[in-house]
Amino acid sequence: MTLDPFTTAGLVGLSGALLGIGLFGIVTRRNFILLLVAIEIAINAAVLNFVYFAAFASNPSSGLNGQSAAIVVIGLAATEIAVGLAIVLALNRIRGSINVTEATALKL
Amino acid sequence: MFLQDLASWAFLVPLLMVLSFVLVGFLGPYLKNWREGGWIAVVISGIAMVLGLLIAAGEMLSPGRYTDLHTTWISVPGNGTGVFPNGFSLVMGTLVDPISALMLIVVNVVGFLVLLYSIEYMQHDRGLSRYFAELSLFLAAMNGLILADNLLEFFLFWELVGVCSYFLIGFYYEKPAAASAAKEAFLVTRVGDVLFLLGIFVYFGAYATAGAAGGWAANGFLFVHGTNPYIPIGTGANPTLLTIGGLLILGGAAGKSAQFPLHVWLPDAMEGPTTVSALIHAATMVAAGVYLLAVASLFLGFTAADQFAIVAVGGFTTLFAATMAVVNPDIKRVIAYSTISQLGYMVLAVGAGFTMVGLYHLFTHAFFKALLFLAAGAVIHAVGTQNLFKMGGLRKVMPVTWLAFFVGALSLSGIPPFAGFWSKDDILSSLYGTLGAHPDYWPFFLMAVATVFLTAYYIFRAFFLAFGGDHPRDDSLPHGHDPSWIMKGPLMVLSGLAIFAGVFVFIPGFSNLLPGIGVPPTYTVTDILLSAMSVGLAGLGIGTAYVLWGNGRVFTLPDDSPLQSIRTVLLRRYYIKDAYDAFGQRVIYGIARIADFTDRFVIDGAIHGAERSFAGLNRRMRGIQSGVVLDYTAYVVAGLVVVLVVLLVIAPWLLSMWGGT
């Protein structure tokens, strides 16, 4: 397979759009759970890029590097969600709210 | 022989006085009954005096002998190149030679007598142990100075006597005048000390590689080199360097010996106790400058230019200081100006090449000037003032003091057969002998001759004002009386020395201490005529003083006399002190204020400004850390946008601007 400029532009545009949506959500959402969802979307933009460009690698074995990276990132994202949800539960128990703008204790 | 072997033990003389310093300084406050340790100082300095006299006697018995003992302190081997191709070493040691033996007599005899006299003179003062400890330290340093066998050690003790002088001038440190006089003395002599130190550097440079003296630095800058002492090592050195070195040494000597233009400190140094003035500021320390010139002329050598400069400074100071003594109302200051003037004679003699004659005058002057100071001290002790115009009629109540002052005044005036006559006359006739070869010495010879008249006049003016008449001019003064034997004893011994010290030089053994002075001095018709002239001038001075001030008369210049302006100039000390003060207040203080401004506003301002700007930055930056996670993510996104813009827009644009790809 060779790189098709139009398909490439579309996929890069798709991943850019995913990143933009994720960033927009990160900056604007105050609900912790929606914040985590936005982060997942932003991460998936990167994963999509890995997978797509790995498919066009000239050497098939080095294509595996991109796919492995994608899998590692997915694993990391899952781990992060686990930790994030634990924080959500703890935050809910302490403050009775999962609004991130109210959790401002993390400063000097 | 026992006496000759004693020269090896000369180091004990300064060490004894160090012992006295330590004992009196630490134990003195617990020995109230012994004048806070004053008696310890007297006894130890008595031992030191006997030892010094025995060493000097040993020198008298072995003409022209040199005993140099030293230990190497630091030794740096040379590598054949550089400033010191032969390396250099620093040594500490003692050199007993004829002139240092002479100085041993002067310093220790006057030192012992002054310490003894102080026992009574200082009895009502507080801080006696400090006084005696400092005098002991001074005597230790002075003995170290005269026994030093190399230039560096000499400088070390030179500084030590300077600091002792500072301590003792400021003995009454609660008195502002005394505190500021001490500071003035220290600072003015420091100018000379810096010049002296520069002179040492120049001599080091001159002798590092020159001829026979090439090993001078390697030998520790010893005064005595080879077997030919008293022969200058100047051979082969760069004459320009030698001239500069000699002039710098003259600067050092002028500081210590209060020669023009560094003379201002000595009259003010009279704020110290009179005993201190007698020992340090008349007999010994101020003579150290003359001794330095003598040592330098004997061991290092002066060029003709140096000699003329020394003669000029000495000759001018002689007359200059004498004129200021003529009008002064303070008995101690009159004698202080006289000291400057007499030191000028010595400097003049050494400069003209008559080193031994200069030292001869140093020897006699030490005794009659210490006598004059101690007699003045007895007067001050009795009547409680130094103002000559309040005194009067003291002859009847203080006959012994009167006689002592009279002897000292006659000796200072140069009336035969008193000590001062012989040495002063020797200076004048020696100088006269060089006038043929050095016609440029004429003005200084005439100044020296004119000073003979002034000297006799001012000292007898003081004498008549203090002792003449029947009663004090100020009735409120306490009735004077002669002091007890503790003070009278030193006065009598010094009177004897002031009478006879001049003729010591005719004793064959004693003349070995002044090698080459010519014994007995050969008197030609010219010499006798010169002597007659100087004695005549002195007699004229005494006569003038008697007519104007004798028998309780007080001579007052009419207010409209044209001489009044001269009198004002003399009383204001030619405005030289005022000029120095103005220089200090305007120039030095101005520089200090600029430096202060720079320090306070420029340097501190920069530091404090930086500090303030960082504090302000800190206040603003602190607001960023809100603790709200969403703010942080906004910053992250903003940062990302900036990075992207830089990478994708600005960087390619810049590259295209510079023609890159």
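Along each chain, residue indices are assigned from 1 in the same order as the chain's sequence is written. Lettering for chains starts from A, numbering for ligands starts from 1, and both go in the order in which the items are written. With pLDDT at 70 or above as the cut-off, local features in this predicted model cover only qualifying residues; side-chain atom pairs require 80 or more to be listed or tallied, and sums for whole chains, interfaces and linings still use all residues. Heavy atoms throughout the structure, all of them, feed into the side-chain values; hydrogens and water do not.

Draft legend 1. Layout of the overall build of chain B. In this description a helix means any DSSP run of H or I spanning at least four residues, a strand means any run of E spanning at least two, and both kinds are numbered starting from the N terminus. The secondary structure content of chain B amounts to 23 helices and 2 strands. A principal-axis box enclosing the C-alpha atoms of chain B has dimensions of 110 × 65 × 60 Å. Here chain B holds 661 residues, and the buried ones make up 55% of them. Pairs of residues are marked as contacts when any of their non-hydrogen atoms sit within 4.5 Å. Counted over contacts in chain B with a minimum sequence separation of 6, partners at least 24 positions apart contribute 82%. If you sum the accessible surface of chain B, you get close to 26,800 Å²; carbon and sulfur atoms cover 70% of it. His residues and chain termini do not enter the charge count, which takes Lys and Arg as positive and Asp and Glu as negative. Note that the charge is assigned to NZ on lysines, CZ on arginines, CG on aspartates and CD on glutamates. Distance from the positive charge centre (31 side chains) to the negative charge centre (35 side chains) of chain B: 9 Å. Burial status follows relative accessibility: with a 1.4 Å probe on protein chains alone, a residue under 20% of its type maximum counts as buried, one over 50% as exposed, and anything between as partly exposed. All accessibility values rest on the Shrake-Rupley procedure with a 1.4 Å probe; residue burial counts only the protein chains present in the view.

Draft legend 2. Quick look at the nonpolar core. Core analysis: the largest hydrophobic core is formed by 213 residues, its most contacted members being Leu145 and Phe405 of chain B. Among buried residues, those of type Ala, Val, Leu, Ile, Met, Phe, Trp, Tyr and Cys that are joined through side-chain atoms within 4.5 Å constitute a nonpolar core. In this structure, Phe32, Ala38 and Ala103 of chain A together with Leu630 of chain B belong to the second largest nonpolar core, which totals 11 residues.

Draft legend 3. Expanded view of the interface of chain A and chain B. Contacts between the two partners involve 13 residues from chain A, matched on the other side by 9 residues from chain B. Of the roughly 920 Å² buried between chain A and chain B on both sides combined, carbon and sulfur atoms contribute 72%. Salt bridge criterion: a side-chain nitrogen from Lys or Arg within 4 Å of a carboxyl oxygen from Asp or Glu. Counting every contact that joins chain A to chain B gives 0 salt bridges. Side-chain atoms alone can form a polar contact between residues adjacent in sequence; in general such a contact is a pair of N or O atoms within 3.5 Å, and within protein one must be able to donate a hydrogen while the other accepts it. Summed over the shared surface of chain A and chain B, the number is 0 residue pairs in polar contact (both at pLDDT 80 or more). The leading source of residues in the side of chain A that touches chain B is helix α1 (residues 5-28) of chain A, at 3 residues. Accessible area that two parts lose when put together, with a 1.4 Å probe and added across both, is what the buried area reports.

Draft legend 4. Up close: the packing of helix α3 (residues 38-61) of chain B against helix α4 (residues 98-121) of chain B. All names here are of chain B. Where helices are involved, their axes are fitted lines through C-alpha atoms of the stretch in contact, as for all axes, and angles between N-to-C directions lie from 0 to 180°. Relative to each other, α3 and α4 sit at 155 degrees, their axes nearing to 8 Å. Judged by the angle between their axes, α3 and α4 are roughly antiparallel. Remark: the crossing between α3 and α4 carries left-handed chirality. Ten residue types, Ala, Val, Leu, Ile, Met, Phe, Trp, Tyr, Cys and Pro, are classed as nonpolar, four, Asp, Glu, Lys and Arg, as charged, and the remainder, Gly among them, as polar. Its residues assigned to classes, the contact of α3 with α4 comprises 18 nonpolar, 5 polar and 1 charged. Roughly parallel refers to an angle under 35 degrees, roughly antiparallel to one over 145, roughly perpendicular to one between 65 and 115, and oblique to any angle outside these ranges. Crossings are classed by handedness, with left-handed meaning an anticlockwise turn of the near helix from the far one by less than a right angle and right-handed meaning a clockwise turn.

Draft legend 5. Geometry of helix α13 (residues 331-351) of chain B. All names here are of chain B. Expected span of a helix, by definition, is 1.5 Å for each gap between consecutive residues, and there is one gap fewer than residues. The end-to-end C-alpha separation of α13 is 30 Å, in line with the 30 Å expected for 21 residues at 1.5 Å each. Within α13, 21 of the 21 residues are buried, which leaves it mostly tucked inside the rest of the structure. For α13, the capping residue at the N-terminal end is Asp330, with a side-chain oxygen 2.8 Å from the backbone nitrogen of Lys332. Gly353 sits one or two positions beyond α13 and adopts a positive phi of about 100 degrees.

Draft legend 6. Structural context of the pairing of strand β2 (residues 87-96) of chain B. Residue and element names in this part refer to chain B. Burial of β2 is extensive: 8 of the 10 residues sit out of reach of the surface. Any two strands are treated as partners once DSSP identifies two or more bridges connecting them. Where strand β1 (residues 67-77) and β2 come together, 10 bridges link them in antiparallel fashion. Paired with Val76 across the strands is Phe88, a residue of β2.

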